[in-house]
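Okay, here's what each chain looks like letter by letter:
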Amino acid sequence: MKKWMFIFLFLSGLSWAQDPSDQYVISSGDRLSCIAEKFIGYPVYGPQGSMQLILQQNPWIQNQDMIANGKWIELPSKDAMATFSKGKISATCAQSESR
């Protein structure tokens, strides 16, 4: 009986996953720096940058230049993103979005 209760509780917990708006699916041509710029803001680079926030949230990313098409990444919480400033998307990222 306890085994079935554990299985039920485990499976019911799966429905409490994060809000899909806190996730992003990587598309062909995406760059981690552009995802950080678009969804979080500036500064992108450096130890306090938005890209570092994404890397901390997704420890499975071994190489930020080789992110896999079709993989989901978790975006940081709204509170964590509040200190970043949104600005105009850089020309490099705008060009990759238009593909």
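Now for a description of the structure that goes with this document. Since this is a predicted model, take the numbers as computed values, not measurements. (Residues numbered from 1 in each chain as written. Predicted model: local features only at pLDDT ≥ 70, side-chain atom pairs only at ≥ 80, totals over all residues. Heavy atoms only, no water.)

1. Here we look at the overall build of the protein
Step number 1: The secondary structure content of the protein amounts to 5 helices and 2 strands.
Step number 2: Considering the protein as a whole, with its 99 residues, one finds that 28% of them fall into the buried category.
Step number 3: A fraction of 62% describes how many contacts in the protein between residues 6 or more apart in sequence connect residues 24 or more apart.
Step number 4: Just so you have it, the protein exposes about 7200 Å², and 59% of that area is on carbon and sulfur atoms. (Helix = DSSP H or I, 4+ residues; strand = E, 2+ residues; numbered from the N terminus. Buried < 20%, exposed > 50% of the residue type's maximum accessible area, 1.4 Å probe, protein only. Contact = heavy atoms within 4.5 Å. Areas by Shrake-Rupley, 256 points an atom, 1.4 Å probe, with all protein chains shown as cover.)

2. Comments concerning the side chain of Asp22
Step number 1: Residue position: Asp22 is located in the loop between α1 (2-14) and β1 (23-25).
Step number 2: When its relative accessible area of 16% is taken as the criterion, Asp22 is described as buried.

3. Comments concerning the packing of aromatic side chains
Step number 1: Summed over all chains, the structure comprises 1 aromatic pair.
Step number 2: Look at Tyr24 and Phe39: their rings are 5.1 Å apart centre to centre, the planes differ by 55°, and that puts the pair in the tilted class. Of this pair, Tyr24 sits in strand β1 while Phe39 is found in helix α2 (residues 32-39), placing the two residues 15 residues apart along the sequence.
Step number 3: Residue classification places Tyr24 among the buried positions, given a relative accessible area of 16%.
Step number 4: For Phe39, a relative accessible area of 28% translates into the label partly exposed. (Phe/Tyr/Trp six-rings, centres within 6.5 Å; stacked < 30°, edge-to-face > 60°.)

4. Details of α2
Step number 1: Of all 8 residues making up α2, 6 are buried, and the element is well covered by its neighbours.
Step number 2: Within the span of α2, buried status applies to Leu32, Ser33, Cys34, Ile35, Ala36 and Glu37.
Step number 3: Within two residues after α2, Gly41 carries a phi angle of roughly 125°, on the positive side.

5. Points about the nonpolar core
Step number 1: In terms of nonpolar packing, the biggest core is built from 17 residues, with Leu32, Ile35, Ile54, Ile61, Ile67 and Ile73 touching the most fellow members.
Step number 2: Secondary-structure elements contributing two or more residues to this core are α2 and α3 (50-57).
Step number 3: At 4 residues, α3 tops the list of elements feeding residues into this core.
Step number 4: Once residues within four sequence positions are removed from consideration, Leu32 is found in contact with Met51, Ile54, Leu55, Ile61, Gln64, Ile67 and Ile73. (Core = buried A, V, L, I, M, F, W, Y, C linked by side-chain atoms within 4.5 Å.)

6. Comments concerning the side chain of Glu37
Step number 1: Following the sequence through the fold, Glu37 ends up in helix α2.
Step number 2: Within the structure, the side chain of Glu37 is placed 3.1 Å from the side chain of Tyr42, a separation counted as a polar contact. (Polar contact = N/O pair within 3.5 Å; in protein donor to acceptor, adjacent residues only side chain to side chain.)

Keep in mind these values describe shape, not function.
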